[in-house]
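A closer look at the structure
Listed here are the chains, written in short residue letters.
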Amino acid sequence: MSHRVLHPPRAEPAPAITVNLHRAAGNWAAKRASARQLVDWEAWREEARRVRADAVAHLPELIERLEERVRAAGGEVHHAATAEEAAAIIVGLCRARGTRSVAKAKSMTAEEIGLNEALELAGVEAVETDLGEYIVQQLGDRPSHILAPAVHLSAAQVAELFGRLSGEAFDPEDTAALVAYARGVLRERFLTADVGITGVNMAVAETGSLVLIESEGNIRLSASLPRTHIALMGIEKVVRDWTGAAHLMQMLPLASHGRPAAASTSIVTGPARDGDDGPGELHLVLLDAGRSAIRGTDLEEALQCIRCGACLYACPVYRQVGGHAYGSSYSGPIGAVITPALERSSPETAQLPWMSSLCGACAEACPVKIPLDDQLVTLRAAAQARDPHRGEAALFEAWARLWSRPAGYRATARTAGKALGPLWRKAARASGDGWTARAPFPFDGWTSTRDVRSPAGEPFHERWSKRRG
Amino acid sequence: MDEASPPVPLEGRAAQPRPGLDLVDEWRARWEELDGRAHRAESLEEARAMAREMIGAATVARWHDAPLEDIAQAQAPAPEAEVSLLVADVAVADTGQVGWAHGAGRPRGAGVLPSRQVILLCEDGVVASLADGLTRLGATAAPPPSSLVLIAGPSRTADIEQRVIRGVHAPREIDVIVYGGIE
């Protein structure tokens, strides 16, 4: 697939990613408007922020209580300091039970620890059971949105895939048939899997309960039918009590879908007991992997995140480039913050905070009021301090000095248009619509992933003064 | 960061109460917005008769609660049954949710596998807020039941090009019959 993003390439259909993302973002914006009619949005945001901030502020104490209550209910608790440790714990649990088949319900945390790869290496077959995740897994692709993993794919691609898997032909327009096919294949998996692996939306310290929220029902099945349920959660997902949990259980679907409830909510407290026929074993894996280190820093509020996906759809950069461009498990504004925050020293992720226009739409959309735009600036400053680009800084300083004076601005704008214009316009003429797919050297590096318009021959302020006479 | 501030009580209501509606109607309006179907019966007997008619000759996996006895003609194990027949413990007016606890005689498979679902609910179980519903389900007990479920309409997905399809892994059609409280 083409990775050109700003402007659909000519002579090629627009990539599904841009079309789908724009549709998804449009749907989300409409849902957000309906959510604001249902509740006093600002008051609800503030309460949600308070619940999450309280959890982050008292994390060690709440995790201790959660662990005690989960054990008291008969569950086992495992601590993983790193992603590798978490994957090793889960692989070990599967191996010890002679597990052949795992039903896996969508979990960004599992994505974070590379669980599928680890299970595959250990010879355990783990099938993704969320429809979008299943499609992405069968394609050998990766999820591109927290809630809609296959949002970058078209129905035609899905129909082609299912046709290949089943040997039957599928009509891309018949979405119900595509869904029915996946339901049939996955139903068999649920009934035969030895282990179900799920994430956790929130864990209630007061009673040791895990809350699992979803639309499809695959999480409920994964946590109900297999003999063993393994739940993986980042430690920050704990909340103190049911009052706070009840608020977040409504806030999460409001922020994601504009409705106060998701189609299915499962609340799991320990393994099955009192005649319940569910899993005989419950294992809770608590993942730190850099989270504790964020507490007490100026990025602490990022730990309040409830993974609703709102900041992704709100972000003009995400809407153009999609989740894969971030190259990390968590994408969008929260990904650009949490990924470098979790891996402070990694050079690959240090660039992520620049994938933002700093417009602040993410912070405004956030149901728990994480100041994402401020945090992006903080991370940029930190990256710059670690690895100062002195030449670049000097250039920007000179530019700022020049353009803060009208005369300086006018002189350079006119010169740039005159000097660059002819070269640039030649490239644009070749494209036929004023967009340049490849700018002349030395700007061609910048256009390798973007389309741009050629600079105006006559700067706007000159045309403006002419019009006014 | 606020330090150990006491929890602010929830407003309790997600929405402005709708004038002229009782709790059952409020719940019903939300539930129907979520593509669920709802019916009202004067008595348990009437509710059972309605369920019997809805199910007809379809194969059923059911729970062992007394109100569900002798409704279905043909029973089948949950993975093969066409319809599941359950009782719910609560319904939440604010959110449109219907909830229950699994346990003895209330197997999980029957709660989720068949593609059609018929649920009986006594109107005493209809509460205003989710916080009330969770309390009623025993979530705040020590310990809570091992498995609680709240549903809000049929399962759904929009994973393929944002087209909403009902009935992915959990039921596609759900009828809830609310019957009058025990006098």
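Residues numbered from 1 in each chain as written. Chains lettered and ligands numbered in written order. Predicted model: local features only at pLDDT ≥ 70, side-chain atom pairs only at ≥ 80, totals over all residues. Heavy atoms only, no water.

Topic: the confidence of the model for chain A
In this model, chain A carries a mean pLDDT of 89, and residues with pLDDT of at least 70 account for 91%. Low pLDDT, under 50, characterises residues 1-14 of chain A; the stretch is placed with 33 contacts to residues that sit more than four places away or in other chains. (pLDDT = per-residue confidence, 0-100. Contact = heavy atoms within 4.5 Å.)

What about the packing of aromatic side chains?
Residue and element names in this part refer to chain A. In this structure the tally under the stated criterion is twelve aromatic pairs over all chains. Between Trp28 and Tyr313, the aromatic rings sit 6.5 Å apart at their centres with planes inclined by 35°, giving tilted as the arrangement. One end of the pair, Trp28, is in helix H1 (residues 16-38); the other, Tyr313, is in helix H13 (residues 310-314), and 285 residues separate them in sequence. Taking the relative accessible area as the measure of exposure, Trp28 reaches 5% and is therefore buried. In this structure Tyr313 comes out as buried when scored by relative accessible area, which is 8%. Each member of the aromatic cluster is reached from another via a ring pair, and the members are Tyr134, Phe162, Phe170 and Tyr181. The ring of Tyr330 has Arg307 lying over it, and the distance from NZ or CZ to the ring centre is 4.5 Å. (Phe/Tyr/Trp six-rings, centres within 6.5 Å; stacked < 30°, edge-to-face > 60°. Helix = DSSP H or I, 4+ residues; strand = E, 2+ residues; numbered from the N terminus. Buried < 20%, exposed > 50% of the residue type's maximum accessible area, 1.4 Å probe, protein only. Lys NZ or Arg CZ within 6 Å of the ring centre and 35° of its normal.)

Considerations on the state of the cysteines
What the rule picks out here adds up to zero disulfides over all chains. Here Cys366 of chain A stays free of any disulfide, with the sulfur of Cys308 of chain A as its closest cysteine sulfur at 6.4 Å. (Disulfide = S-S within 2.5 Å.)

Details of the side chain of Thr339 of chain A
Residue and element names in this part refer to chain A. Note that Thr339 resides in helix H15 (residues 332-342). A distance of 2.7 Å separates a polar atom in the side chain of Thr339 from the backbone oxygen of Gly335. If we skip the residues at most four places from it in the chain, Thr339 touches Ser328, Tyr330, Ile334, Thr349 and Leu352. (Polar contact = N/O pair within 3.5 Å; in protein donor to acceptor, adjacent residues only side chain to side chain.)

Comments concerning the sheet that holds strand S10 (residues 281-287) of chain A
All names here are of chain A. As summarised here, the arrangement of the six strands in space is S1-S10-S7-S4-S2-S3, forming an open sheet in which the pairing is parallel. One side of each edge strand has no neighbouring strand; the edge strands of this open sheet are strand S1 (76-80) and strand S3 (125-128). Each strand of the sheet is rotated relative to its neighbour by a mean of 20°, with strand direction disregarded. Taken together, the three bridges between strand S2 (residues 101-104) and strand S4 (residues 195-198) define a ladder with parallel strand orientation. In the strand pairing of S4, Lys104 is matched with Ile197. Most of the contacts of helix H3 (residues 59-72) go to S1, to which it runs at about 145°, and overall it touches S1, strand S7 (228-234) and S10. (Pairing = 2+ DSSP bridges. Axes fitted to C-alpha atoms, helices over the stretch in contact; angles between N-to-C directions.)

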